[in-house]
Each structure stands twice: as structure tokens, then as C-alpha cells.
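# Understanding the architecture of this molecule
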Amino acid sequence: MGLVMRSEAFLSDFSALEPELCITAAYGNILPTKFLKIPSLGTVNIHPSLLPLYRGAAPVQRALQTGVSLAFTVRALDAGPVIARKEMEIDDNIKAPELLDLLFAQGSKLLVQELPSIFDGSATTKAEAQDDSKATLAPKISQEESWLSFDEEASILHNKRDRKREE
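Let me sum up the structure you'll find in this document. Fair warning: this is a prediction, and the values are worked out from it, not measured in the lab. (Residues numbered from 1 in each chain as written. Predicted model: local features only at pLDDT ≥ 70, side-chain atom pairs only at ≥ 80, totals over all residues. Heavy atoms only, no water.)

### Considerations on the overall build of the protein chain
Rule in force here: Helix numbering and strand numbering both begin at the N terminus, where a helix is a DSSP run of H or I of at least 4 residues and a strand a DSSP run of E of at least 2. Here, residues are in contact when the closest pair of their heavy atoms is within 4.5 Å. For the accessible areas, the method is Shrake-Rupley and the probe is 1.4 Å, while residue cover comes only from the protein chains on display.
What the protein chain contains, in helices and strands, is seven helices and four strands. Reading the secondary structure of the protein chain in the N-to-C direction produces α-α-β-α-β-α-β-β-α-α-α. Pairs at least 24 residues apart make up 55% of the contacts formed inside the protein chain by residues separated by at least 6 positions. Counting every atom, the protein chain has about 10,000 Å² of accessible surface; 55% of that belongs to carbon and sulfur.

Have a look at this one:
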């Protein structure tokens, strides 16, 4: 999909639609500047973490606490101004796919709640810049991280086992 978004034909067709707003969720790439400049109200990302915590591809698998954020998209990894956040209590036994579904459902509700402020422009002024000094990264889970070492605590092995089943 990343290459498609960079193609001049796609960008031309997308621009011809004259979109006011673009919504992204679980996209996984940094969007090109040409794309980001097309929607007049910008692009908003539903991100399954409490930004600036857990920026990246695996926030659910790495989170100790979690929630969902709505943020304007900028040309950096999950770094745009945050329009709204919702912290959520999670069950220790929930699996990552179930949690991801729950977070995106909550993110969708948050988006619907915030759409009026996005369309009237007030979201732009109320959105909070992220403190990059507090940012943590949640890169994609590597193959090395999926190995089990029985020298680790049981809770760590339990979480790795569940993550491995999801892959």
C-alpha cells in the first residue's frame, strides 16, 4: 500500500475527490507529505495506545497500560498532535487481537465524538503537541523476541506464549 500512496496517479485521483478528512488506523507506514497535504482538514489516526507512549507497530503487545488516542497525522511515526485520549482498564488475560479489536472499537467511538470539533476546526486548537521526551517506541515484534527462555519470570513467558500464538 505504501508504494500506491506515493504514485502520482493515486495522488491525482485522491486529490480529485477533494476529501475534507482522511482517517487512518493500523496503517503501518509514514504517509508521504503529498498525501498529507490533500485533505483540507488533515488526516487523523486512531492509534491503540496513550500517545506519546508506544509509538509504532506493536503498541498492544508492548503496553503495560493502555488506551486509545486520536491524533493528527504528521510525517513522523505516531507523533502528531493528540486530539483526544481514552485510558482503558484491561484484563491481564486478554489476548492482543481481542485487545486490538476493543481499542479500535473505543477509538471509533472517540472519533465519532470528536468529528464535530475536527470539522469546525476547534480540534486543531485543542490538540496537544506530544512531548517527544516522553515518547516510547513499540517496534514490530522481532523473531528473536518470540523465543522462550525458561530463566524468565512466569508472567513474561505467559505473555510471550500468547504473543507467539497470535503470529
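Additional details are given in the paragraphs that follow.
### Things to note about helix α5 (residues 96-120)
The following threshold applies: Between the first and last residue of a helix there are one fewer steps than residues, each counted as 1.5 Å, and that sum is the expected span. What the bend at a residue measures is the angle between two axes, fitted to the seven residues ending there and to the seven starting there. With a 1.4 Å probe rolled over the protein chains alone, any residue whose accessible area is under 20% of its type maximum counts as buried; one over 50% counts as exposed, and the rest are partly exposed.
In a regular helix each residue adds 1.5 Å, so 25 residues correspond to 36 Å; α5 covers 35 Å between its end C-alpha atoms and thus fits that length. Taking the largest bend as the criterion, α5 deviates by roughly 45°, centred on E114, and proline P116 comes between one and four positions later. Within α5, burial applies to A96, L99, L103, F104, Q106, G107, L110, L111, E114, S117 and I118. Immediately downstream of α5, the backbone of G121 shows phi near 90°, a positive value.

### Regarding the environment of T125
This is how the line gets drawn: Here a polar contact is taken to be a pair of N or O atoms separated by no more than 3.5 Å, where protein atoms must pair a possible hydrogen donor with a possible acceptor and residues adjacent in sequence count only if both atoms sit in side chains.
Along the chain, the position of T125 falls in helix α6 (residues 122-126). Sequence separation between T125 and P81 is 44 residues; the distance between their C-alpha atoms is 9.7 Å. Polar contacts involving the side chain of T125 include one to the main-chain carbonyl oxygen of S122, which spans 2.9 Å.

### Quick notes on the sheet that holds strand β1 (residues 22-25)
Rules: Each pair of strands is called paired provided DSSP finds at least two bridges between the two strands. For every element, the axis is a line fit to its C-alpha atoms; helices are fit only across the contacting stretch, and the angle between N-to-C directions ranges from 0 to 180 degrees.
Pairing in this open sheet of four strands is mixed, and the strands run β1-β2-β3-β4 from one edge to the other. Two strands lie at the open edges of the sheet, namely β1 and β4 (82-88), each paired on one side alone. Between one strand and the next, the sheet's axes are offset by a mean angle of 15°, whatever the strand orientation. Sheet topology places β1 next to strand β2 (residues 43-47); four bridges connect them, and they run parallel. Of the residues in β2, the one forming a bridge with C22 is T43. Across the face of the sheet, α5 comes into contact with β1, β2, β3 (66-72) and β4 while running at roughly 40° to β3.

### A few points about the nonpolar core
Quick note on the threshold: Throughout, nonpolar core names a set of buried Ala, Val, Leu, Ile, Met, Phe, Trp, Tyr and Cys residues whose side chains join them through atoms within 4.5 Å.
Core analysis: the biggest nonpolar cluster contains 19 residues, and V44, L70, I83 and I118 have the highest contact counts within it. Contributing elements (two or more residues each) for this core: β2, β3, β4 and α5. Considering every element that reaches this core, the biggest residue donor is α5, with seven residues. Discounting residues that sit within four places of it in the chain, I83 has contacts with V44, L70, A71, F72, E114, I118, A123, K126 and A127. In terms of nonpolar packing, the next biggest core, distinct from the first, is built from seven residues, L11, F14, C22 and L31 among them.

### Overview of the side chain of Q130
Secondary-structure assignment places Q130 in the loop between α6 and α7 (154-166). Assessed through its relative accessible area of 10%, Q130 is described here as buried. Within the structure, the side chain of Q130 is placed 2.9 Å from the side chain of R55, a separation counted as a polar contact. Leave out the neighbours within four places in its chain, and Q130 touches L51, P52, R55, D78, A79, G80 and V82.

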